[in-house]
Amino acid sequence: MPDDVKPNRPGNAPSRDGRRTRWEKHRAQRRAEFVEAAMRVLADVGPDFGIEQVAVEAGVTKPVLYRHFSDKADLVEAMGERATEILLDRLIPALNSEEAPLPRIRKSIDAFFGTLDDYPNLYWVLARHTPIDGRGPDVVREDKEIIATALSAMLGDYLRAFGLDSGPAEPWAYGVVGFVQNTAEWWLDRQSMSRESVVEYLTTLVWAAIDGFARQHGVTIDPNVPLEINKVVQLRAGSDRGPAAASGDGRVGGSSSRAVRSPER
């Protein structure tokens, strides 16, 4: 018998820490399963779904569900955490794509719109109904903070790389995030045009602002050619809902500079 395997002799009970770890993993798995059940119910029923409906969908009784969530507010908070995971899993790769500026902006905006398009009821629950009874986090506000902080860091990196003042990075980031989020909410409520159309309009406006600022400072950027420098967003490791950290450098293939300062006249 290998030295690191001990026989299961009478009296050698599993360690307290081992039991606790297994129980915690089991609880986390069950909570995740119940959250997915709640999201299915929400998609079918709408924001006024009930705990009993979630229990039926999950195949358990309400008392079992209440062992894992104290009330509906607690369940909605867990759904908010899952919503953040879904959003960032889609948005961060889009923001970090090694593409030309214009398609990169378009892909990032579409990732946000796509998430709301796929989970409209979830968005409305989080936007309109939390915190419930004054408890729980404001998930929509916190997600905007995460995205804006990360985008601010990335924009600051680009401005410095082009020899420009990085001061505008933070207000730009918060402005862009608010602009896109507010427009997405309007679109989700009205549905008066296609998702493709509104994403294209927003892409054009965001790029026009970037291009206009750059040209004012003597920098010309081709919107359809990848930048040689690829600044990327990285979320701080070990932070579940904490602020995003800034970025590192990557390089896109090619040896010539893609963004150049125009000759002084």
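Every value quoted in this text rests on a predicted model; they were computed, and no experiment measured them.

Analysis parameters
- Residues numbered from 1 in each chain as written.
- Predicted model: local features only at pLDDT ≥ 70, side-chain atom pairs only at ≥ 80, totals over all residues.
- Heavy atoms only, no water.
- Helix = DSSP H or I, 4+ residues; strand = E, 2+ residues; numbered from the N terminus.
- Buried < 20%, exposed > 50% of the residue type's maximum accessible area, 1.4 Å probe, protein only.
- Contact = heavy atoms within 4.5 Å.
- Areas by Shrake-Rupley, 256 points an atom, 1.4 Å probe, with all protein chains shown as cover.
- UniProt positions renumbered as here; feature names shortened; annotations may be inferred.
- Phe/Tyr/Trp six-rings, centres within 6.5 Å; stacked < 30°, edge-to-face > 60°.
- Lys NZ or Arg CZ within 6 Å of the ring centre and 35° of its normal.
- Axes fitted to C-alpha atoms, helices over the stretch in contact; angles between N-to-C directions.
- Parallel < 35°, antiparallel > 145°, perpendicular 65-115°, else oblique.
- Left-handed = near helix turned anticlockwise from the far one by under 90°.
- Nonpolar A, V, L, I, M, F, W, Y, C, P; charged D, E, K, R; others polar.
- Salt bridge = Lys/Arg side-chain N within 4 Å of Asp/Glu carboxyl O.
- Expected span 1.5 Å × (residues − 1).
- Core = buried A, V, L, I, M, F, W, Y, C linked by side-chain atoms within 4.5 Å.

The subject of this paragraph is the overall build of the chain. A tally of regular secondary structure across the chain gives nine helices and six strands. When the 265 residues of the chain are sorted by exposure, 40% land in the buried category. At a minimum sequence separation of 6, the contacts of the chain that also span at least 24 residues come to 68%. If you sum the accessible surface of the chain, you get close to 14,900 Å²; carbon and sulfur atoms cover 50% of it.

All right, on to the UniProt feature "DNA-binding region" (unreviewed entry) in the chain then. Per the UniProt record, the feature "DNA-binding region" (unreviewed entry) sits at residues 50–69. A distance of 13 Å separates the end C-alpha atoms of residues 50–69, which is 65% helix and 0% strand.

So, on to the packing of aromatic side chains. Tallied over the full model, the rule gives four aromatic pairs. In this structure, Lys72 packs its charged tip against the face of Phe49, placed 4.3 Å from the ring centre.

Taken N-terminus to C-terminus, the directions of helix H5 (residues 101–118) and helix H8 (residues 169–190) make an angle of 40°; their axes are 10 Å apart at the nearest point. What the angle tells us is that H5 and H8 run oblique. When you trace H5 past H8, the crossing you get is right-handed. Judged by residue contacts, Ile109, Phe112, Phe113, Leu116 and Asp117 of H5 engage Val180, Gln181, Thr183, Ala184, Trp187 and Leu188 from H8. When the residues that make up the contact of H5 with H8 are grouped by side-chain class, the tally is eight nonpolar, two polar and one charged.

Now for the pattern of salt bridges. Summed over all chains, the structure comprises 11 salt bridges. The salt bridge involving Arg90 is made with Asp118; its shortest N-O contact spans 2.9 Å. Within this pair, whereas Arg90 is found in helix H4 (residues 72–95), its partner Asp118 is found in helix H5, the two being separated by 28 residues in sequence. For Asp211, the salt bridge is made with Arg215, and the minimal N-O distance between the two is 3.0 Å. Note that Asp211 and Arg215 are positioned in helix H9 (residues 195–216) at a spacing of four residues, about one turn of the helix. A relative accessible area of 16% places Asp211 in the buried class.

Here H9 is 22 residues long and its end C-alpha atoms lie 32 Å apart, about the 32 Å a rise of 1.5 Å per residue gives. Every buried residue of H9 is listed here: Val198, Val199, Leu202, Thr203, Val206, Trp207, Asp211, Phe213 and Ala214. Contact partners of the buried residues in H9: H5, helix H7 (139–161), H8 and strand S1 (219–221). Positive phi shows up at Gly218, right after H9, with a value of about 75°.

Proteins that are soluble and globular tend to have nonpolar side chains buried together. Within the largest apolar cluster, 70 residues are counted, with the highest numbers of intra-cluster contacts made by Phe49, Val54, Leu75, Met79, Ile109 and Phe113. The biggest single contributor to this core is H4, with 12 residues. In this structure Leu75 touches Val35, Ala38, Phe49, Ile51, Val54 and Phe69, once residues within four positions along its chain are discounted.

When the terminal C-alpha atoms of H7 are compared, their 33 Å separation across 23 residues agrees well with the 33 Å that a helix rising 1.5 Å per residue should span. Among the residues trailing H7, Gly163 stands out with phi positive, at a value near 75°.

Considering the arrangement of structural elements, one finds Asp44 in helix H1 (residues 16–45). C-alpha separation for the pair Asp44 and Asn121, spaced 77 residues apart in sequence, amounts to 8.9 Å.

What follows covers unusual backbone geometry. Leaving glycine out, the prevailing phi sign among residues is negative, and the prevailing peptide bond configuration is trans. A positive phi angle, near 55°, is found at Gln191, a position not held by glycine. With respect to the helices and strands, the residue Gln191 is situated in the loop between H8 and H9.

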